[in-house]
Amino acid sequence: MKHKVLRKQENSRMCLVCGVKNDFGLKASFYELDNGELAGIFTPREEHQSYPGIAHGGISAAILDETIGRAIMVTDRDMLGYTVELNLKYKKHVPLGQKLIVIGRITREKSRTFEGTGEIILANGEVAASATAKYLKVPLDKMPSFQEDSEDRMEWQVNISENDPREIEYEQKTDMKTCLRLG
Ligand SMILES: CCCCCCCCCCCCCCCC(=O)SCCNC(=O)CCNC(=O)[C@H](O)C(C)(C)COP(=O)(O)OP(=O)(O)OC[C@H]1O[C@@H](n2cnc3c(N)ncnc32)[C@H](O)[C@@H]1OP(=O)(O)O
C-alpha cells in the first residue's frame, strides 16, 4: 500500500543519525506517513562498516533507536525521549552504499514512558533487523541543549530537499517481509 508523506521531520546539527553537520553520521531523513508510522531513509557508508561491505550492528541499533524514538513526534511534535531499553534482532546483513528504509511506530504510551517497534527494510523488501524499544518521555524544551540561542536549537529544523519522496509504498506482511518503493 502507498503511504502519503504528511510531514518531513526536523534534522539536528550533530546527532550520529540525523545530524546534518556530522560528517561521520548517517544524515538520515524522517517522514511522517498517513498511516501514523514514521519512515527513515538512510545510506550506510564505509565509515559505518563492521565486516567489509556490511554495516556495523551498532549502526542498525542507532537508526532503529532513533526511528522508534522519533515516532512519538507523529502525534506530539514537541516530544522526544531518552532510550531506557532497546532490543534488536539481526536477520540479514545491512549492506553499505544502498539507500534503505527504516519504519517505526508507537505501540504503547503511558504518562512517563512510551514504547515502539521498528524494522530496517532492504531493497528487496526483506527485513534486515527489527527492534523493540522503550523511552522516558522528554519534552523538547526540557532537553539540556534546548535554549533559544544555542547552535543545536537553531539548527533543529526541517530541511526540504528535491529528493524528498511524496509517498512511500510498503506492505507489512505476517512473515514481517516488507515490499517498498519510493515515489
Ligand atoms: C535542541 C534540540 C536538539 C534535538 C536533537 C535531537 C536529535 C534527534 C534525536 C531523536 C532520537 C531519539 C532516540 C535516541 C535517544 C537516545 O539515544 S537517548 C541516549 C541513551 N539513553 C540514555 O542516556 C538514558 C540513560 N538513562 C537515564 O538517564 C535514566 O535511566 C532515566 C532515563 C533519566 C530514567 O531515570 P529515572 O527517572 O530515575 O527512571 P525511573 O523513574 O526509575 O524509570 C522511569 C521508567 O523508565 C523505565 N526504566 C528506567 N531505566 C530503565 C532501564 N535501564 N531499562 C529498562 N527500563 C528502564 C522504568 O521501568 C520506568 O518505566 P515505567 O515503570 O514508568 O513504565
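Residues numbered from 1 in each chain as written. Predicted model: local features only at pLDDT ≥ 70, side-chain atom pairs only at ≥ 80, totals over all residues. Heavy atoms only, no water.

Per an unreviewed UniProt entry, the protein goes by the name Acyl-coenzyme A thioesterase THEM4 and belongs to Syntrophobotulus glycolicus. Here the protein is described in UniProt, under the heading Sequence similarities (unreviewed entry), as follows: "Belongs to the THEM4/THEM5 thioesterase family." (UniProt positions renumbered as here; feature names shortened; annotations may be inferred.)

Caption draft 1: Expanded view of the site of the ligand. Close contacts around the ligand come from 19 residues, with T83, V84, K110, R112 and K134 the closest. The contact in question runs from a nitrogen atom of the ligand to an N or O atom on the backbone of V84, over 2.9 Å. Within the complex, 56% of the 1300 Å² of free accessible area of the ligand lies under protein. Residue contributions to the shell around the ligand peak at six residues, all from strand β4 (residues 79-90). (Near = heavy atom within 4 Å. Polar contact = N/O pair within 3.5 Å; in protein donor to acceptor, adjacent residues only side chain to side chain. Areas by Shrake-Rupley, 256 points an atom, 1.4 Å probe, with all protein chains shown as cover. Helix = DSSP H or I, 4+ residues; strand = E, 2+ residues; numbered from the N terminus.)

Caption draft 2: Main features of the UniProt feature "domain: Thioesterase" (unreviewed entry) in the protein. The sites that UniProt annotates as "domain: Thioesterase" (unreviewed entry) are residues 53-128. End C-alpha atoms of residues 53-128 are separated by 15 Å, and the span's content is 18% helix alongside 43% strand.

Caption draft 3: The arrangement of the pattern of salt bridges in detail. Enumeration according to the criterion identifies 16 salt bridges in this entry. The closest approach of N and O atoms between R13 and D152, which form a salt bridge, is 3.2 Å. A residue pair is termed long-range when its members are at least 10 positions apart, and R13 in the loop between β1 (2-8) and β2 (29-33) and D152 in helix α2 (residues 151-154) qualify at 139 residues. For D152, a relative accessible area of 32% translates into the label partly exposed. Each of the salt bridges in this network shares a partner with another, and the network as a whole consists of R7, E10 and E32. (Salt bridge = Lys/Arg side-chain N within 4 Å of Asp/Glu carboxyl O. Buried < 20%, exposed > 50% of the residue type's maximum accessible area, 1.4 Å probe, protein only.)

Caption draft 4: Highlighting the nonpolar core. Counting residues in each nonpolar core, the largest one holds 34 residues, and the members touching the most others are V17, F30, F42, I63 and I120. Of all the elements in the fold, those that place two or more residues in this core are β3 (38-42), α1 (57-70), β4, β5 (100-109), β6 (113-121) and β7 (127-139). Aside from chain neighbours lying at most four places away, what touches V17 is L26, K27, A28, F30, A62, I63 and E66. Counting eleven residues, the second largest nonpolar core, distinct from the first, contains L33, I101, I121 and Y170. (Core = buried A, V, L, I, M, F, W, Y, C linked by side-chain atoms within 4.5 Å. Contact = heavy atoms within 4.5 Å.)

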